[in-house]
Amino acid sequence: MSKTVVIVDEHLFNKLMGKIDHLNDKIESISVSKNDGFKDRWYVTEEVCKLLNVSRRTLQNMRDNKVIAYKKTGRKIYYKASDIETYLESIDA
């Protein structure tokens, strides 16, 4: 069995990797959004920004300052619904 080496232009390679990342993000968001339980649901950054009415940069600062818990898988960041609820309760107190 012989192996073939393919040489690809860097621009095309980056474009392909971008598409693979996009597909991976879609697959991850589908598996996260199928979770029906509120307490067990995981949200992605865009959803949390909308829920909390904050910018992506503000949410980044919240992560950096350990104000809100999160999990990172690959390039995606997830926030557990119960952690968001705990944060909201802490600012209401």
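Scroll up to find the structure.
Going along each chain's sequence as written, the residues are numbered from 1 onward. Only residues with pLDDT of 70 or above have their local features reported here, since the model is predicted, and side-chain atom pairs are shown and tallied only from 80 upward, although totals for entire chains, interfaces and linings are computed over all residues. Side-chain measures here rest on the full set of heavy atoms in the structure, leaving out hydrogens and waters.

Caption draft 1: Inspection of the layout of surface pockets at higher detail. The volume enclosed by the largest pocket comes to roughly 210 Å³. Every definition here rests on a 1 Å grid over the protein atoms only: cavities are sets of points where a 1.4 Å probe fits but cannot get out, pockets are open sets enclosed by protein on both sides within 12 Å along at least five of seven lines, and lining residues have some atom within 4 Å of a point. Together, Asp21, Asp25, Val44, Thr45, Glu46, Arg56, Gln60, Arg63, Arg75, Lys76 and Ile77 line the largest pocket. Going along the chain from the N terminus, every DSSP run of H or I of four or more residues is numbered as a helix, and every run of E of two or more is numbered as a strand. Looking at the lining of the largest pocket, the elements with two or more residues in it are helix H1 (10-33), helix H2 (45-52), helix H3 (56-64) and strand S3 (76-80). Counting residues per element, the lining of the largest pocket draws most heavily on H3, at three residues. Asp, Glu, Lys and Arg are counted as charged, while Ala, Val, Leu, Ile, Met, Phe, Trp, Tyr, Cys and Pro are counted as nonpolar; the rest, among them Gly, fall into the polar class. For the lining of the largest pocket, the per-class residue count stands at two nonpolar, two polar and seven charged. Grid points are joined across faces, edges and corners, and a volume is the space filled by probe spheres set on the points.

Caption draft 2: Expanded view of the pattern of salt bridges. Think of a salt bridge as a Lys or Arg side-chain nitrogen and an Asp or Glu carboxyl oxygen that are within 4 Å of each other. Tallied over the entire structure, the rule returns three salt bridges. Of the charged contacts, one joins Asp21 and Arg75 as a salt bridge, the two residues approaching to 2.2 Å between their closest N and O atoms. Of this pair, Asp21 sits in helix H1 while Arg75 sits in the loop between strand S2 (71-73) and S3, and the two are 54 residues apart along the sequence. A 1.4 Å probe rolled over the protein chains alone gives each residue an accessible area, and that area as a share of the maximum for its type sets the label: buried under 20%, exposed over 50%, partly exposed in between. Arg75 sits in the exposed class, given a relative accessible area of 68%. Glu46 is the salt-bridge partner of Arg56, the closest N and O atoms lying 2.8 Å from each other. Of the two residues, Arg56 sits in helix H3 while Glu46 sits in helix H2, which places them ten residues apart along the sequence.

Caption draft 3: Here's a closer look at a nonpolar patch on the surface. Patches here: salt-bridge-free residues with over 30% relative accessible area, like charges joined within 9 Å, nonpolar side chains (Val, Leu, Ile, Met, Phe, Trp, Tyr) joined within 5 Å. For every accessible area listed, the method is Shrake-Rupley and the probe measures 1.4 Å; residues are considered covered only by the protein chains on display. On the surface, Val6, Val8, Leu12, Phe13, Leu16, Met17 and Ile20 cluster together into a nonpolar patch covering about 640 Å² of accessible area. Within the secondary structure, Leu12 is located in helix H1. With relative accessibility at 48%, the residue Leu12 sits in the partly exposed group.

Caption draft 4: Geometry of the nonpolar core. To qualify as a nonpolar core, a set must consist of buried Ala, Val, Leu, Ile, Met, Phe, Trp, Tyr and Cys residues joined through side-chain atoms within 4.5 Å. Formed by Tyr43, Val48, Cys49, Leu52, Leu59, Met62, Ile68, Ile77, Tyr79, Ala81, Ile84 and Tyr87, the largest nonpolar core amounts to twelve residues. For this core, the secondary structure elements donating two or more residues are H2, H3, S3 and helix H4 (81-92).

Caption draft 5: Representation of the packing of aromatic side chains in the model. Two aromatic rings, drawn from Phe, Tyr or Trp (for Trp, its six-membered ring), form a pair once their centres lie within 6.5 Å of each other, and the interplanar angle then sorts them: stacked below 30 degrees, edge-to-face above 60, tilted otherwise. The tally for this structure, following the rule as stated, stands at one aromatic pair. Aromatic pair Tyr70 and Tyr79: ring centres 6.5 Å apart, planes at 50°, arrangement tilted. Overall, the relative accessible area of 0% leaves Tyr79 in the buried class. Two thresholds decide whether a charge sits over a ring: the Lys NZ or Arg CZ must be within 6 Å of the ring centre and within 35 degrees of the ring normal. The lysine or arginine in question, Arg63, covers the ring of Tyr70, its NZ or CZ lying 5.7 Å from the ring centre.

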